[in-house]
Amino acid sequence: MGVMHIPGHEHQKPREVTLEEIRDVLGNCQLCPLGQTRTNLVFGVGNPHARVMFIGEGPGRNEDLQGEPFVGAAGQKLNGLLGLAGLRREDIYIANVIKCRPPSNRNPRPEEIEACSPFLREQIRSIWPDVIVCLGNFATQFVLRTEQGVTKLRGRFHQTGHFVVMPTFHPAATIYHQDWLPLLEADMRMLGQWLAEHPAEAGEVR
Ligand code: URA
């Protein structure tokens, strides 16, 4: 049986797979070679009913050691930006495109992203956020299925399937490109405005 279409309920969640179930399936994942070099698999953290899901690239050194996304310098930057959107860390859910740290923080390889992709897809379906914020090129290209870069795509909302998507710069990128910080800040304010203009639907548990 297909998903029933009820007019006016286009954003309704079709089914419930819990994050715990997805984490259990990952187990001691060895689907790509990063399973051999990681300290901890970094699944994701936050509110399972978040209206906003943030997606980063992959764990760095601190994340690998602690098993949690965005706990290092990039996480400090992100925490400082959330307030511009009227959000607190406990309001959101954060995950990465890949769950294990690439050695020396090199870029994730296409085959690693491919191997890891079912888990992020399931996380998105479980959380069923109103908005997906893609931090940087890897998340943007994965979610929007595009080759275009974030520089071209940021500054506005996109729609993919059921979800509204806001691509923006990765907070860590603003450490090297300081001129990107005001743009990232403007995007976060734009997100806050969108959330204020689209209050959670009646009956939604958030
Ligand atoms: N950068 C990311 O993309 N993800 C993290 O979890 C930390 C840094």
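Analysis parameters
Position numbers for residues start from 1 in each chain and track the written sequence from start to end. The predicted origin of the model limits local features to residues at a pLDDT of at least 70 and limits the giving and counting of side-chain atom pairs to 80 or more, whereas totals for whole chains, interfaces and linings rest on all residues. In computing side-chain properties, one takes all heavy atoms of the structure into account and sets aside hydrogens as well as water. Numbering of helices and strands starts at the N terminus; helices are DSSP runs of H or I of at least 4 residues and strands are runs of E of at least 2. It is over C-alpha atoms that the radius of gyration is taken, and the globule rule equals 2.2 Å times the number of residues to the power 0.38. Residue exposure (1.4 Å probe, protein chains only): buried if accessible area is under 20% of the type maximum, exposed if over 50%, otherwise partly exposed. The criterion used for residue contact is that any of the two residues' heavy atoms lie within 4.5 Å. Residue exposure ignores everything except the shown protein chains as possible cover, and the areas themselves are Shrake-Rupley values with a 1.4 Å probe. Counting rule applied: Lys, Arg positive; Asp, Glu negative; His and chain ends not counted. To locate a charge, take NZ of a lysine, CZ of an arginine, CG of an aspartate or CD of a glutamate. Nonpolar cores were defined as sets of buried Ala, Val, Leu, Ile, Met, Phe, Trp, Tyr and Cys residues, with membership established by side-chain atoms within 4.5 Å. Only when DSSP finds a minimum of two bridges between them are two strands counted as paired. Helices are assigned an expected span. That span is 1.5 Å times one less than the residue count. Note on bend: the value at a residue is the angle between axes fitted to the seven residues ending there and to the seven starting there.

A. Up close: the overall build of the protein. Secondary structure summary: the protein contains 9 helices and 6 strands in total. The globule rule puts the C-alpha radius of gyration for 206 residues at 17 Å, and the 16 Å found for the protein is close to it. Projected onto its principal axes, the C-alpha positions of the protein cover 50 × 45 × 30 Å. Put simply, the protein has 206 residues, and 47% of those count as buried. Considering only contacts in the protein between residues 6 or more positions apart, those separated by 24 or more positions represent 72%. Working note: accessible area of the protein is about 10600 Å², and carbon and sulfur atoms make up 52% of it. Within the protein, the 23 negative side-chain charges are centred at a point lying 4 Å from the centre of the 21 positive side-chain charges.

B. View of the environment of Gln 36. By the secondary structure assignment, Gln 36 is in helix H2 (residues 34–37). Among the residues examined, Gln 36 registers a relative accessible area of 64% and is labelled exposed. Along the chain, Gln 36 and Asn 107 lie 71 residues apart, while their C-alpha atoms are 17 Å from each other.

C. Layout of the nonpolar core. Judged by nonpolar contacts, the single largest core of 33 residues is most densely connected at Met 53, Ile 55, Tyr 93, Val 97, Leu 120 and Ile 132. Taken together, the elements giving at least two residues each to this core come down to helix H1 (19–26), strand S2 (52–56), strand S3 (93–96), helix H5 (110–127), strand S4 (131–135), helix H6 (137–144) and strand S6 (163–168). Among the elements that make up this core, the one with the highest residue count is H5 (7 residues). Setting aside residues up to four positions removed in sequence, Ile 55 forms contacts with Ala 95, Asn 96, Val 97, Leu 120, Ile 124, Ile 132, Val 133, Cys 134, Leu 135, Ala 139 and Val 143. In this structure, Ala 85, Met 166, Met 190 and Trp 194 belong to the second largest nonpolar core, which totals 22 residues.

D. Layout of the environment of His 49. When you line up the elements, His 49 lands in the loop between strand S1 (45–46) and S2. Separated by 47 residues in the primary sequence, His 49 and Asn 96 place their C-alpha atoms 17 Å from one another.

E. Broad picture of the pairing of S3. The alternating pattern of S3 places Tyr 93 and Ala 95 and Ile 94 and Asn 96 on opposite faces, both of which are buried. Of the strand pairs in this sheet, S1 and S3 are connected by 2 bridges, and their pairing is antiparallel. Bridged to Gly 46 within S3 is Tyr 93. Relative to S3, S2 is paired through 4 bridges, and the arrangement is parallel. By the bridge assignment for S3, Ile 55 is matched with Ala 95.

F. Structural context of H5. The end-to-end C-alpha distance of H5 is 25 Å, a good match for the 26 Å that 18 residues give at a rise of 1.5 Å each. At Cys 116, H5 is bent by approximately 45°, the largest bend along its length, and proline Pro 118 sits one to four residues beyond. Taken as a whole, H5 has its buried residues at Glu 112, Ile 113, Ala 115, Cys 116, Ser 117, Phe 119, Leu 120, Gln 123, Ile 124, Ser 126 and Ile 127. At the exit of H5 stands Trp 128, carrying a positive phi of roughly 50°.

G. Focus on the sheet that holds S6. Spatially, 6 strands are ordered S1-S3-S2-S4-S6-S5 in an open sheet, and the strand pairing comes out mixed. Bordering the open sheet on either side are S1 and strand S5 (158–160), each of which pairs with just one other strand. Bridge analysis of S5 against S6 gives 3 bridges, and the strand direction is antiparallel. Paired with Gln 159 across the strands is Val 164, a residue of S6.

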